[in-house]
Amino acid sequence: MKIIAVGRNYSAHAEELNNEVPEEPVIFLKPDTALLREDRDFYYPKFSKEIHYEVEIVLRVCKEGKHIAKKFSSNYYDAIGLGIDFTARDLQAKLKEKGLPWELAKSFDHSAVISPFIPKKEIENLQDLSFSLLKNRALVQEGNTKDMIFDFAALITHISKYITLRKGDLIYTGTPSGVGPVQIGDVLEGFIQKRKMFTCHVK
Ligand code: MG
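We now turn to the structure provided with this report.

Calculation rules
Residues numbered from 1 in each chain as written. Predicted model: local features only at pLDDT ≥ 70, side-chain atom pairs only at ≥ 80, totals over all residues. Heavy atoms only, no water. Helix = DSSP H or I, 4+ residues; strand = E, 2+ residues; numbered from the N terminus. Rg over C-alpha atoms; globule rule 2.2 N^0.38 Å. Buried < 20%, exposed > 50% of the residue type's maximum accessible area, 1.4 Å probe, protein only. Contact = heavy atoms within 4.5 Å. Areas by Shrake-Rupley, 256 points an atom, 1.4 Å probe, with all protein chains shown as cover. Lys, Arg positive; Asp, Glu negative; His and termini not counted. Charge placed at Lys NZ, Arg CZ, Asp CG, Glu CD. Pairing = 2+ DSSP bridges. Donors = N, O, S within 2.8 Å, 3.2 Å for Na, K, Ca; no water.

**Let's talk about the overall build of the protein chain**
Then, number 1: Along the protein chain, the regular secondary structure elements total four helices and 15 strands.
Then, number 2: Expected size for 203 residues packed as a compact globule is a radius of gyration near 17 Å; at 16 Å, the protein chain falls within 12% of this value.
Then, number 3: Taking the principal axes of the C-alpha coordinates as reference, the protein chain spans close to 45 × 40 × 30 Å.
Then, number 4: The proportion of buried residues among the 203 residues of the protein chain is 53%.
Then, number 5: Here the contacts in the protein chain between residues at least 6 apart in sequence split such that 75% fall between residues at least 24 apart.
Then, number 6: Only carbon and sulfur atoms are counted for the fraction: they give 50% of the accessible area of the protein chain, which is about 10,000 Å².
Then, number 7: Charged side chains in the protein chain number 29 positive and 28 negative. The centres of these two groups are separated by 4 Å.

**Structural notes on the sheet that holds strand β13 (residues 180-181)**
Then, number 1: Strand order in this open sheet of three strands is β7-β4-β13, and the pairing throughout is antiparallel. Here the strands that pair on one side only, and so sit at the sheet edges, are β7 (87-88) and β13.
Then, number 2: Relative to β7, strand β4 (residues 51-53) runs antiparallel, the two being bridged by two bridges. If you follow I51 over to β7, its bridge partner there is A88.

**Remarks on the coordination of the magnesium ion**
Then, number 1: Protein-derived coordination of the magnesium ion comes from E54 (OE), E56 (OE) and D85 (OD), at a distance range of 2.0 to 2.1 Å.
Then, number 2: Sequence positions of the residues that donate to the magnesium ion give the spacing E-x1-E-x28-D. In this pair, E56 sits in strand β5 (residues 55-61) while D85 sits in strand β6 (residues 77-85), placing the two residues 29 residues apart along the sequence.

Structure (structure tokens):
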């Protein structure tokens, strides 16, 4: 399986990092070794002094597809989860400055927290789905899928022009504003609406 992630998909977040609001989705990949499941602890890596959390809605792909038309896109994911796209912001800033790929800042081991999944049919309105992240019990990020620049259909159509989607792939759909640093000892808790999706201890 592969993890496809979307950058700058909420305009308020693009602005907080002084990035332009994109005309096309910004896409990058994480390997399967990035996954951190089942509320396992996140160990702060030695190569960074500025790891940021980014809470994101995650789509689980349920069948293979290429060149997927918008009107059929919803057939290609069957469940929604919540994740964190951990980012080594200091390393990313250096790479961006040099115009180099972001992979080392985004794709390191355990940089992709993932919750259990909710079947899509249990969700009333995917276009109006709120989600949030607490750090040490304080609200730090709050988003709603209605504020995405590119909605789920647009993302699936765009990605599948270039990359074949396969059953089991995950799509991290971008983070709202409010990203920030974590420190050893922090506890991160993710919610979709009022439903607790994951807990992650930073060690
Ligand atoms: Mg992200």
